[in-house]
Structure formats: structure tokens, C-alpha cells
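Fold and geometry: a report
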Amino acid sequence: ETAVFQTPNYHVTQVGNEVSFNCKQTLGHDTMYWYKQDSKKLLKIMFSYNNKQLIVNETVPRRFSPQSSDKAHLNLRIKSVEPEDSAVYLCASSPQNTLYFGAGTRLSVL
Amino acid sequence: GEKVEQHESTLSVREGDSAVINCTYTDTASSYFPWYKQEAGKGLHFVIDIRSNVDRKQSQRLIVLLDKKAKRFSLHITATQPEDSAIYFCAASLNTGNYKYVFGAGTRLKVIA
């Protein structure tokens, strides 16, 4: 049963545009994450928040910024997208170790 | 930093046979090793994990083995079924409270009926 909700499912945009992806979890977890999955299915962590506080910030370009209004929401904004940003962005939450993933947002940058 | 290598990029087995997926890691401090399954068009779904205080764990048809000396862990799926077809990811992380998981590159498992 899905408990990590991501919107939109797909987004097609042009180079230089700004995009925002939303993520909400209804599991009551304290920690949320954003992962990027590229065309070869490789997964890389981008950000992690614990109770609205940033705790992991991997080396991602500055055009990426996470936004957390409360511990159930973690959004991702990309200012001025570039072609290499085309990927699936996966949101996840966890109580401790186990990650619960959303279905992902597929971004295509033309 | 930690590197996780997943040795089989694709694996095909006949229905009813066993499938084995192998992973190695580099950081001796890693102590938690989960496995995730990803079906087409979906996010990852947790299937089983193992902690470094044990070397074997079983959950129904899934068995995970951990060899800390060799820094190797493996997922065994017994009596495979067509619905086991998916991409399987191994991962490694430090103790509870560390929020960084390093994932392997994934193994695409196909179970042939």
C-alpha cells in the first residue's frame, strides 16, 4: 500500500526552466530523502531531512534545493534545469533503517 | 567512502529454480545491509535485510548471507516465481541513525515460466 506520495508522475520541460516536485508521507516517519535514479538505474542520495532539519546534503549542483514545511513533506526544487537532470527522482521516508519509497517523478529535459 | 558492487547486472532463471545475487562492499564499518526490489515503473520496495551481528537471515523464500571477512553478502531467492521478476538492489550503511545508504547498481532478474 502506497504511503509515500509523489507528484507529478512525469514532467517534461526545457533547459533553463524551473521545476518543483512534491513528496508527502503518511507513515509518521521522522526522516525523508531524495534520491536520483539515472537511466542506468543507478541510485544516488541527494538530500536527507530529519524532523525538518537537513542532515545529509550530498554534492549536488546548487540549482537543486530541498524544501521541508513539516516532517511529512519534503519537496525538491530545481532552478534552471539542465539535460543531465533527466532522471527519475525518488522520495523516501524511514523510521530508522528501512526506506519506504514513493513511485518516483520522471523528469525529461529537452 | 563506501562502495557497493553488485556483481550480476542480469540474471535469468527458470521458474522453480533458485536465484543468487551477490554484492561486495568496501567499508568494514558498514553494519546494515538491506535489499530492495523495483518493479517496472515503481519505486523500490524493501524485501529483507541483515545486520552484521548475524551471518544468515531467512524470510519465507528469501535468504540473505553475510560474510564479513570477505565483505560480501548475497540474496538467495528459492523456488522462484514469475512475480519475482524485477530489479533487485543491495545496499550498505553504517549503524542505525546513519542516514546514508550506498546502493549497488541493481540486478535485473527474469524468471522464465
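Preceding block: the structure.
Residues numbered from 1 in each chain as written. Chains lettered and ligands numbered in written order. Predicted model: local features only at pLDDT ≥ 70, side-chain atom pairs only at ≥ 80, totals over all residues. Heavy atoms only, no water.

The next subject is the overall build of chain B. What chain B contains, in helices and strands, is 0 helices and 11 strands. Moving toward the C terminus, one meets the helices and strands of chain B in the order β-β-β-β-β-β-β-β-β-β-β. Rg of the C-alpha trace for chain B: 13 Å, near the compact-globule value of 13 Å for 113 residues, within the 12% margin. Seen through its C-alpha atoms, chain B measures out along the principal axes to roughly 40 × 30 × 20 Å. (Helix = DSSP H or I, 4+ residues; strand = E, 2+ residues; numbered from the N terminus. Rg over C-alpha atoms; globule rule 2.2 N^0.38 Å.)

In this section: the layout of surface pockets. Considered as a void within the structure, the largest pocket measures approximately 600 Å³ in volume. Forming the walls of the largest pocket are 28 residues, and the residues nearest its centre are Lys-44, Ile-45 and Glu-58 of chain A together with Tyr-101 and Val-102 of chain B. Only β4 (31-37) and β5 (43-50) of chain A together with β10 (102-103) of chain B provide two or more residues apiece to the lining of the largest pocket. Of the residues forming the lining of the largest pocket, the biggest block, 4 residues, is contributed by β5 of chain A. For the lining of the largest pocket, the per-class residue count stands at 14 nonpolar, 5 polar and 9 charged. (1 Å grid on protein atoms, 1.4 Å probe; cavity = no way out; pocket = protein on both sides within 12 Å on 5 of 7 lines; lining within 4 Å. Points joined across faces, edges and corners; volume = space filled by probe spheres on them. Nonpolar A, V, L, I, M, F, W, Y, C, P; charged D, E, K, R; others polar.)

With 19 residues of chain B at the contact, the number on the chain A side is 22 residues. Between chain B and chain A, roughly 1700 Å² of surface is buried when both sides are summed, and carbon and sulfur atoms account for 58% of that area. At the boundary of chain B with chain A, the tally comes to 0 salt bridges. Where chain B packs against chain A, one counts 4 residue pairs in polar contact (both at pLDDT 80 or more). (Contact = heavy atoms within 4.5 Å. Buried area = accessible area lost by both parts, 1.4 Å probe. Salt bridge = Lys/Arg side-chain N within 4 Å of Asp/Glu carboxyl O. Polar contact = N/O pair within 3.5 Å; in protein donor to acceptor, adjacent residues only side chain to side chain.)

Residue and element names in this part refer to chain B. Taken as a whole and assessed by the stated rule, the structure comprises 2 disulfides over all chains. Paired through a disulfide, Cys-23 and Cys-90 show a sulfur-sulfur distance of 2.0 Å. Linking Cys-23 and Cys-90, the disulfide has an S-S dihedral of approximately -100° and is accordingly described as left-handed. Residue Cys-23 is found in strand β3 (residues 19-25), and its partner Cys-90 is found in strand β9 (residues 86-92); the two are separated by 67 residues along the sequence. In this structure Cys-90 comes out as buried when scored by relative accessible area, which is 0%. (Disulfide = S-S within 2.5 Å. Buried < 20%, exposed > 50% of the residue type's maximum accessible area, 1.4 Å probe, protein only.)

Residues and elements named next belong to chain A. Reading across from one edge, β1-β3-β8-β7 is the order of the 4 strands in this open sheet, with antiparallel pairing throughout. Both outer strands of the open sheet, β1 (4-7) and β7 (64-70), are each paired with one neighbouring strand and no more. Strand-to-strand twist across the sheet, computed as the mean angle between neighbouring axes with direction ignored, equals 20°. (Pairing = 2+ DSSP bridges. Axes fitted to C-alpha atoms, helices over the stretch in contact; angles between N-to-C directions.)

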